[in-house]
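Each chain, letter by letter, is given below.
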Amino acid sequence: MNQDDRNPAQSPDATDSGGADSAVAGRADRHTPMMQQYLGFKAEHPDRLLFYRMGDFYELFYADAERAARLLDITLTARGQSAGAPIPMAGVPHHALEQHLVRLIGRGESAVIVDQIGDPAQSKGLVERKITRIVTPGTLTDANLLDAKRDAPLAALVVEGERAGIAWLNLASGHLTLTDVARTECAATLERIEPAELLLPSEQPVPSWRGHAPAVQTLPAWHFDGTNGARALTRQLGTIDLKGFGADNAPLAIGAAGALLAYANTTQQTSLEHVRSLQVESPGEFVAMDASTRRNLEITQTLAGEREPTLVSLLDTCASAGGSRLLRHWLTHPLRDQARAAARLEAIDALRADAGALRSLCAQLRRTVDVERVASRIALRSARPRDLAGLRDTLAALPALVAALAHHDAPLLRDCARDLDCDAQWHDMLARAIAPEPAAQVRDGGVIADGFDAELDELRDLDAGCARFLVDLEQRERERSGIANLRVEYNRVHGFYIEVTRANADRVPDDYRRRQTLKNAERYTTPELAAFESKALTAQERALACERRLFDAVLTRLAPAIPALQAVAGALAALDVLQALAERADALRFTRPTLTGEHRIAIEGGRHPVVERQVDAFIPNDLALDPARRLVVITGPNMGGKSTYMRQTALIAILAHIGSAVPAESATIGSLDRIFTRIGAADDLTGGRSTFMVEMTEAAYILNRATPQSLVLIDEIGRGTSTFDGLALAWAIAHRLAEHNRSLALFATHYFELTALPSEIDGCANVHFDAVETKSRQGPGIVFLHQVEDGPANRSYGLQVARLAGVPGDTLKQAQRYFARLDKFNARDEAQQDLFAGGGQPGETSPAQQRRDALEAHIAALDPDALAPREALAALYELKRLLQG
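Residues numbered from 1 in each chain as written. Predicted model: local features only at pLDDT ≥ 70, side-chain atom pairs only at ≥ 80, totals over all residues. Heavy atoms only, no water.

Asks: I'm lost on the overall build of the protein in this one. Help?
Replies: What the protein contains, in helices and strands, is 28 helices and 27 strands. Taking all 885 residues of the protein together, the buried fraction comes to 50%. Roughly 41,500 Å² of accessible area belongs to the protein as shown, and the carbon and sulfur atoms make up 50% of that amount. (Helix = DSSP H or I, 4+ residues; strand = E, 2+ residues; numbered from the N terminus. Buried < 20%, exposed > 50% of the residue type's maximum accessible area, 1.4 Å probe, protein only. Areas by Shrake-Rupley, 256 points an atom, 1.4 Å probe, with all protein chains shown as cover.)

Here it is, written out as structure tokens:
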């Protein structure tokens, strides 16, 4: 419907104050009562778009209308005047509100929904309205607004000195987490959490962010007070203090949590009954990976920002949305506790032992709903009828799941079975209360099951039996009166009536009461018909009101079940992830890794799980890293497999640490504290940083944080500057990693000078990837072997790769001539001292040598066959000039 096609008479305010509120059109320079009501709501939320219900539309006014018109591509109109100027107005149909909110949330916007709560038909003045919802990116619970497979947490940050406190709440699940970190780790922690919305004290700067930044809301600093935060948390959790949660080590985060809870309570317009517990995250709980590492390894999205092909997209065959979210969490939070990882591996092995039972388990899980989010909506009293119907059916399926797990001895599977053993009273109550296939909304009726409430059944019977009653009454009255053409009818103006022709008016019974006189007929009512009318005309309305009341009562009765439902949700999600990892292990030929406390990584036949699915034949490779072989220098041609080899090492380590089988013939993985990567080249234009600056910043981050328990991957460091600068930096960085950090490191480079590092550093080794050249009618080609071998490479094959990329032939010929010249210089320089030996400056030459170099370069660049006579003569003069200096 076009904005201008609206019928003002449809507005419930058309009768308010003699119709003055039917639109914004008030008298110039004076606000109507309706606009005063609107402006009162707007004053409470000046920074949010306010959707104001008017009849069948939600309207926006003034700057909100102009902003919404741009963001939502809706029509901007004007109604009435204020200060002599038209008032901008835009609106959306009430049934299309959700789809527009999705677009707004995707742009990081927030919205306030103002609904009518008064009855327009009975309102003598202004219709009563109130704020019913505040929708922000971090406080979403509605299934229509959320990504089913991703969380959208709300986070709060407070910084004091060199420490930072972070609290984050997943309102759709009720999970609340706190952590205190060093100020330097603040950005990395937030990037790992990926909040949809971030709360900050008003005077605190917004932290730097790489990638998609969250929506930011600033609050007065007193909202982040630690004392108030502790009081809010104990009140929320129903405890005397926070000692039982281990929150003593997170004093700043407690203040952040106080601000977060107050904000969430305000937006939900109700208490957060499903936030029943608190988790305090310790710094060493997970294998740390910064945003650059997660991006380079393409765990959740590709380098181009796509959702596939990634590690998550490959492994996510989960049967439920809750399982998909948990799998994503596991992959971005690898465990350092090897006992927990081993428990997951044991559960996966148990599930893999019976392929038929595994398929059956997956099929059963597919019939479950997202219990985690349904439980949250029950707590927030925003659950819909089909949420409860799905919950009822899921609870009915739990006994079969528990029975399917009964024969497994794996402790993790036994824990899942215990949590799935939910009290049958909740299913029984829902089975009695909710219709088998309820309507989408309570207002549509047909939500409460027949037989649940006697009053509702009576109202439904009355509504359903209306037509039958009228037919029976008409027949009885014809027999009683002897009037054969007597009719019982209904219209909206006069309701139910008995119509008799004028000729038969003197034959009507004494209890008939005249209701209307027509030209050729009389219309009557009777005490029986009047009593029926009183019931019938309000039966449907009363039935809907009764259903609303009963549905609210069901939500209230379900409140005590929320902890049990959250336990069921956790068990279903964990079981789903375990079965998905078991299925993937079989389908992708993964094997169980050996977890060890030793500081080493040993992989035989390792594969990159994602790349393997994109190519026809993948070449597996081995790897050995330990304190005696902690730095491996990798050389070889571009496209030879160096980057894939490094990335697959990290992915195998991550999979082992989440407790999954890995893509290898065998793998022994030691405990890691961090994984670092410096791969690829990209500038940061908005931050004012060049490609080389970004590269050096990432290198500094690694060198300042890597420990002997870290895994470091560095690819092509030093490319963004001059050759000598880059080579010197790469050499020094490799030395520090091996001698100071002593991390397990893979160091890929095209600087062949670095292959001398094993002779200088204990614990350093060379490996390489090779290629072979081929000849055909189309010219020379190259075949990459993708097989790692010990020792350094002897060639880079850069010109051959350039040919594959389509570089013009004459350019390649010219490059070949320069290459020959440089190769000759290199052979001559081999007799000179080592670049890093310490005497003189690299590249230092005499003026005479500089003239000879210039002359040789000029001659090498000449192509006699391509020179015209005049160009040849000019070239001779130039050569003479160079020779004479």
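Having seen the model, we can carry on.
Asks: It is not clear to me how the sheet that holds strand E7 (residues 154-160) should be interpreted in this structure. Could you clarify?
Replies: Either a parallel or an antiparallel arrangement is found when strands of a sheet pair, and the pairing is made through backbone hydrogen bonds. Spatially, E11-E10-E7-E8-E9-E12 is the arrangement adopted by the six strands of the open sheet, whose pairing is mixed. The outermost strands of the open sheet, each flanked by one partner alone, are strand E11 (215-219) and strand E12 (279-280). Where helix H6 (residues 251-268) meets the sheet, it contacts E7, strand E8 (163-170), strand E9 (175-182), strand E10 (197-201) and E11, and its direction lies at approximately 35° from that of E8. (Pairing = 2+ DSSP bridges. Contact = heavy atoms within 4.5 Å. Axes fitted to C-alpha atoms, helices over the stretch in contact; angles between N-to-C directions.)

Asks: Explain the packing of helix H9 (residues 321-332) against helix H19 (residues 562-587) here, please?
Replies: For any two helices packed against each other, one specifies the inter-axial angle together with the distance between the axes. In contact at an axis separation of 8 Å, H9 and H19 are set at 70° when each is read in the N-to-C sense. With respect to H19, the axis of H9 lies roughly perpendicular. Touching Gly322, Gly323, Leu326, Leu327 and Trp330 of H9 are Ala573, Ala574, Asp576, Val577, Leu578 and Leu581, all from H19. Residue composition of the contact of H9 with H19, grouped by class: eight nonpolar, two polar and one charged. (Parallel < 35°, antiparallel > 145°, perpendicular 65-115°, else oblique. Nonpolar A, V, L, I, M, F, W, Y, C, P; charged D, E, K, R; others polar.)

Asks: When you look at the nonpolar core in this model, what are you seeing that I'm missing?
Replies: If you look at the biggest cluster of nonpolar residues, it comprises 105 residues, and the most contacted ones within it are Leu315, Leu388 and Leu711. With 13 residues, H19 is the largest single contributor of residues to this core. Those residues within four positions of Leu388 in sequence are excluded, and the remaining contacts are Ile378, Ala383, Leu430, Ile434, Phe551, Val554, Leu555 and Leu558. Core analysis: the next-biggest nonpolar cluster, separate from the first, contains 31 residues, Leu176, Leu233, Ala256 and Leu278 among them. (Core = buried A, V, L, I, M, F, W, Y, C linked by side-chain atoms within 4.5 Å.)

Asks: What should I look at first to understand the pattern of salt bridges in this one?
Replies: It is possible for side chains bearing opposite charge to pair when their charged atoms get close. Applying the stated rule across the entire model yields 42 salt bridges. Where Asp415 meets Arg418, a salt bridge forms, and the shortest distance between an N and an O atom there is 3.2 Å. Placement of the pair is Asp415 and Arg418 together in helix H14 (residues 411-420), with a separation of three residues, close to one helical turn. A residue is classified by how much of its surface remains accessible, and Asp415, at 31% relative accessible area, is partly exposed. With a closest N to O distance of 3.3 Å, Arg480 and Asp511 form a salt bridge. (Salt bridge = Lys/Arg side-chain N within 4 Å of Asp/Glu carboxyl O.)

Asks: For this particular structure, what's the right way to read the sheet that holds strand E2 (residues 57-61)?
Replies: Sheet architecture is open: six strands sit in the order E3-E4-E2-E1-E5-E6, paired in mixed fashion. The sheet terminates laterally at strand E3 (77-82) and strand E6 (129-135), the two strands that pair on one side only. Each strand of the sheet is rotated relative to its neighbour by a mean of 35°, with strand direction disregarded. Bridge count for strand E5 (residues 111-116) against E6 is six bridges, and the pairing is antiparallel.

Asks: How should helix H16 (residues 454-464) be read in this particular structure?
Replies: In an α-helix there are 3.6 residues to a turn, and that puts residues three or four apart on one side. For H16, the set of buried residues is Leu456, Asp457, Leu459 and Arg460. In a view along the axis of H16, the buried residues occupy a sector of 165°, so they form one face of it. Away from the buried face of H16 by more than 90 degrees, exposed residues Ala454, Glu458 and Asp461 are located. Those residues of H16 that are buried lie in contact with helix H18 (527-558). Backbone nitrogen of Glu455 and a side-chain oxygen of the N-cap are separated by 3.2 Å at the start of H16; the cap is Asp453. (Arc of directions from axis to C-beta. Polar contact = N/O pair within 3.5 Å; in protein donor to acceptor, adjacent residues only side chain to side chain.)

Asks: Looking at this model, I keep getting lost on the pairing of strand E4 (residues 85-93). Mind explaining?
Replies: Within a regular strand, side chains alternate between the sheet's two faces. With seven of nine residues buried, E4 is to be regarded as a mostly interior element. The sheet contact formed by E2 and E4 spans five bridges and is antiparallel. Residue pairing for E4: Leu60 is matched across the bridge by Ala90. By the bridge criterion, five bridges tie E3 to E4 in an arrangement that is antiparallel. Paired with Thr77 across the strands is Met89, a residue of E4. The loop that links E3 with its antiparallel partner E4 comprises two residues; one of these, Ala83, has a positive phi angle of about 55°.

Asks: Would you mind showing me how to read the pairing of strand E19 (residues 601-606) here?
Replies: Taken together, the four bridges between E19 and strand E20 (residues 621-625) define a ladder with antiparallel strand orientation. Bridging across to E20, Ala602 finds its partner in Ala624. Here E19 pairs with strand E22 (residues 666-670) via four bridges, running antiparallel. When the bridges of E22 are listed, Ala602 appears paired with Thr668.

Asks: I'm lost on the packing of aromatic side chains in this one. Help?
Replies: Working definition: an aromatic ring pair is given by the centre-to-centre distance plus the angle between the planes. Scanning the model with the defined rule gives nine aromatic pairs in all. Geometrically, the ring pair formed by Tyr490 and Phe496 is tilted, given 4.8 Å between the ring centres and 45° between the ring planes. The exposure class assigned to Tyr490 is partly exposed, which follows from its relative accessible area of 40%. Pairing Phe676 with Tyr701 gives two aromatic rings, centres 6.1 Å apart and planes at 70°, and the pair type is edge-to-face. (Phe/Tyr/Trp six-rings, centres within 6.5 Å; stacked < 30°, edge-to-face > 60°.)

Asks: Is there a simple way to think about a nonpolar patch on the surface in this case?
Replies: A surface patch of nonpolar side chains, amounting to about 210 Å² of accessible area, comprises Val772, Val783 and Leu785. Classification of Val772 by relative accessible area gives partly exposed; the value is 37%. (Patch = residues over 30% accessible without salt bridge, like charges linked within 9 Å, V, L, I, M, F, W, Y side chains within 5 Å.)

Asks: Explanation requested: helix H23 (residues 723-741) in the structure shown.
Replies: Along its 19 residues, H23 runs 26 Å from first to last C-alpha, staying within 8% of the 27 Å computed at 1.5 Å per residue. For H23, every residue scored as buried is listed here: Gly726, Leu727, Ala730, Ile733, Ala734, His735, Leu737, Ala738 and Asn741. For H23, the secondary structure elements touched by its buried residues are strand E21 (631-635), helix H22 (691-705), strand E24 (710-715), strand E25 (744-748) and helix H24 (757-760). A positive phi of about 55° marks Arg742, the residue just after H23. (Expected span 1.5 Å × (residues − 1).)

Asks: I keep staring at the side chain of Asp576 and nothing clicks. Help me out?
Replies: Positionally, Asp576 belongs in helix H19. The buried charged residue Asp576 lacks any salt bridge partner; its closest oppositely charged side chain belongs to Arg366, at an N-O distance of 7.2 Å. Among the polar contacts listed, one links the side chain of Asp576 to the side chain of Gln579, at a separation of 2.8 Å. If we ignore the near neighbours within four places in the chain, the residues touching Asp576 are Cys318, Ala319, Ser320, Gly323 and Leu365. (Lys, Arg positive; Asp, Glu negative; His and termini not counted.)

Asks: How should unusual backbone geometry be read in this particular structure?
Replies: Excluding glycine, residues mostly have negative phi values, and the peptide bonds linking residues are mostly trans. With omega at 0°, the peptide bond leading from Glu308 into Pro309 counts as cis. Locating Pro309 in the fold gives a position in the loop between helix H7 (291-296) and helix H8 (311-315). Notably, Gln269 is not glycine yet its phi reads approximately 60°, a positive angle. Along the chain, the position of Gln269 falls in the loop between H6 and E12. Residue classification places Gln269 among the partly exposed residues on the basis of a relative accessible area of 43%. The residue Arg589 is not glycine, and still its phi comes out positive at about 60°. Turning to its location among the elements, Arg589 is positioned in the loop between H19 and strand E18 (594-596).

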